Amino acid sequence: MIEEFTIEGRNAVLEAFRSGKTIDKLYVQKGVSDGPIQSILREAKKTDTIVNFVERERLDQMSEEGHHQGVIAHAAAYEYAEVEDLLKAAEEKGEPPFLFLLDGIEDPHNLGAIIRTANLAGAHGVIIPKRRAVGLTATVAKTSAGALNYTPVAKVTNLTAVMEDLKKKGMWFVCADMDGESMYRLNLKGPIGLVIGSEGSGVGRLVKETCDMVASIPMKGNIDSLNASVAAGVLAYEIVRQRLG
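Residues numbered from 1 in each chain as written. Predicted model: local features only at pLDDT ≥ 70, side-chain atom pairs only at ≥ 80, totals over all residues. Heavy atoms only, no water.

### Looking at the pattern of salt bridges
Link 1 in the chain: The full count for this structure, using the stated rule, is twelve salt bridges.
Link 2 in the chain: Here D212 makes a salt bridge to K167, at a shortest N to O gap of 3.5 Å. One end of the pair, D212, is in the loop between α8 (205-210) and β12 (213-216); the other, K167, is in helix α7 (residues 159-168), and 45 residues separate them in sequence.
Link 3 in the chain: One connected set of salt bridges, linked through shared partners, spans R18, E43 and K46. (Salt bridge = Lys/Arg side-chain N within 4 Å of Asp/Glu carboxyl O. Helix = DSSP H or I, 4+ residues; strand = E, 2+ residues; numbered from the N terminus.)

Put into structure tokens, the structure is as follows:
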């Protein structure tokens, strides 16, 4: 299953080239020839990518985000992985599987940030549902800062069914929720899936009931919740700490 889109911004485009992603066409603003643009053009030359030099107005029209920085690439589509591919990635590294499961993340910036965190925390992949959730859009790609090129994302019809299947293969699941036990008291070692809920309503009831543990993040401030991507980062690094320990 494939989702097509453009890649915008200098870092995102350069990272896409360097990761070996197939870029069909490159659009560069006329008259811009600074260092980062030269690096992108060198990469484009290596892969015989079609380069179009266009006026800024054309890029503004093409841009989905309004932050193209003088360069937009039309990439061959991102392809979703299969859940099996994620387990295979763990096996190849000789590590117990560490997956992120996202229940209804609708903000593309949050999804991109979570994929970036998953990559940096050494997770073997991310699983997202088909319905009521954002897919791999241009904004997600840009916010992931290139991580989308390295961290596989699987899209599934039924999150709980996938969790039940993975449990039979020895995985445990922990979800983030305000009324859970402090994450510092839980054993988060071994093959684990970290479940993060949507920005508004959190983890769905069925998904929560399928989890083995519910973890809360100790908070001392005056507001009562963290942004989904920040919560994912905090919990992921407690898992990393325990795995390293």
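From this point on, the discussion continues.
### Quick word on the sheet that holds strand β5 (residues 71-75)
Link 1 in the chain: The four strands lie next to each other as β2-β5-β3-β4, forming an open sheet whose pairing is mixed. A single partner strand is all that each edge strand has here, and the edge strands are β2 (6-8) and β4 (50-54). Here the strands of the sheet are splayed against their neighbours by 20 degrees on average, with no regard to which way each runs.
Link 2 in the chain: Here strand β3 (residues 23-29) pairs with β5 via five bridges, running antiparallel. What sits directly across from I23, in β5, is A75.
Link 3 in the chain: Lying on the sheet, helix α1 (residues 10-18) is in contact with β2, β3 and β5; it crosses β2 at an angle near 125 degrees.
Link 4 in the chain: The sheet strands contacting helix α2 (residues 35-46) are β3, β4 and β5, and the helix crosses β3 at an angle near 150 degrees. (Pairing = 2+ DSSP bridges. Axes fitted to C-alpha atoms, helices over the stretch in contact; angles between N-to-C directions. Contact = heavy atoms within 4.5 Å.)

### Side note on the domain arrangement of the protein
Link 1 in the chain: Segmentation of the protein into domains returns domain 1 (5-75) and domain 2 (83-244).
Link 2 in the chain: The C-alpha centroid of domain 2 is placed 31 Å from the C-alpha centroid of domain 1.
Link 3 in the chain: Between domain 1 and domain 2 the total buried area reaches about 860 Å² when both faces are included, carbon and sulfur atoms providing 55% of it.
Link 4 in the chain: The tally of links between domain 1 and domain 2 comes to zero salt bridges.
Link 5 in the chain: Here domain 1 is connected to domain 2 by one residue pair in polar contact (both at pLDDT 80 or more).
Link 6 in the chain: Every element with two or more residues in the side of domain 1 that touches domain 2 is listed here: β2 and α1.
Link 7 in the chain: Top contributing element to the side of domain 1 that touches domain 2 by residue count: α1, with three residues.
Link 8 in the chain: Within the side of domain 1 that touches domain 2, the residues separate by chemical class into three nonpolar, five polar and five charged. (Domains from an automatic or database assignment. Buried area = accessible area lost by both parts, 1.4 Å probe. Polar contact = N/O pair within 3.5 Å; in protein donor to acceptor, adjacent residues only side chain to side chain. Nonpolar A, V, L, I, M, F, W, Y, C, P; charged D, E, K, R; others polar.)

### So, the packing of aromatic side chains
Link 1 in the chain: Evaluation of the coordinates by the stated rule reveals one aromatic pair.
Link 2 in the chain: Note on F98 and F100: the rings are 5.6 Å apart at their centroids and 40 degrees apart in plane angle, and the pair reads as tilted. For the pair F98 and F100, one class covers both residues: buried. (Phe/Tyr/Trp six-rings, centres within 6.5 Å; stacked < 30°, edge-to-face > 60°. Buried < 20%, exposed > 50% of the residue type's maximum accessible area, 1.4 Å probe, protein only.)

### Comments concerning the sheet that holds strand β7 (residues 98-103)
Link 1 in the chain: Strand order in this open sheet of six strands is β9-β8-β7-β11-β10-β12, and the pairing throughout is parallel. Either end of the sheet is taken by a strand with one partner, and the two such strands are β9 (153-156) and β12. Looking at each pair of strands side by side, their axes are set apart by 30 degrees on average, direction ignored.
Link 2 in the chain: Summarising the sheet, strand β8 (residues 125-129) and β9 pair through four bridges and their orientation is parallel. Paired with P129 across the two strands is V156, which belongs to β9.
Link 3 in the chain: Contacts from helix α4 (residues 83-93) reach β7, β8 and β9, with the element oriented near 165 degrees to β8.
Link 4 in the chain: With respect to the sheet, helix α9 (residues 228-244) is in contact with β7, β10 (172-182), β11 (192-197) and β12, its orientation differing from that of β11 by roughly 165 degrees.

### Regarding the side chain of T117
Link 1 in the chain: Here T117 shows up in helix α5 (residues 108-120).
Link 2 in the chain: Residue T117 is classed as buried on the basis of its relative accessible area of 15%.
Link 3 in the chain: Beyond its immediate sequence surroundings of up to four residues, T117 is in contact with F100, G233 and A236.

### Regarding α5
An α-helical turn contains 3.6 residues, so any two residues separated by three or four positions project in the same direction.
Link 1 in the chain: Its 13 residues give α5 an end-to-end C-alpha distance of 18 Å, which sits within 8% of 18 Å, the value for a rise of 1.5 Å per residue.
Link 2 in the chain: Within α5 the residues assigned to the buried category are N110, L111, G112, I114, I115, T117 and A118.
Link 3 in the chain: Contacts made by the buried residues of α5 are with β7, β8, α6 (138-143), β9 and α9.
Link 4 in the chain: The N-terminus of α5 is capped by D107, whose side-chain oxygen sits 2.7 Å from the backbone nitrogen of H109.
Link 5 in the chain: Note on α5: the residue one or two positions beyond its end, G122, has a positive phi of about 80 degrees. (Expected span 1.5 Å × (residues − 1).)

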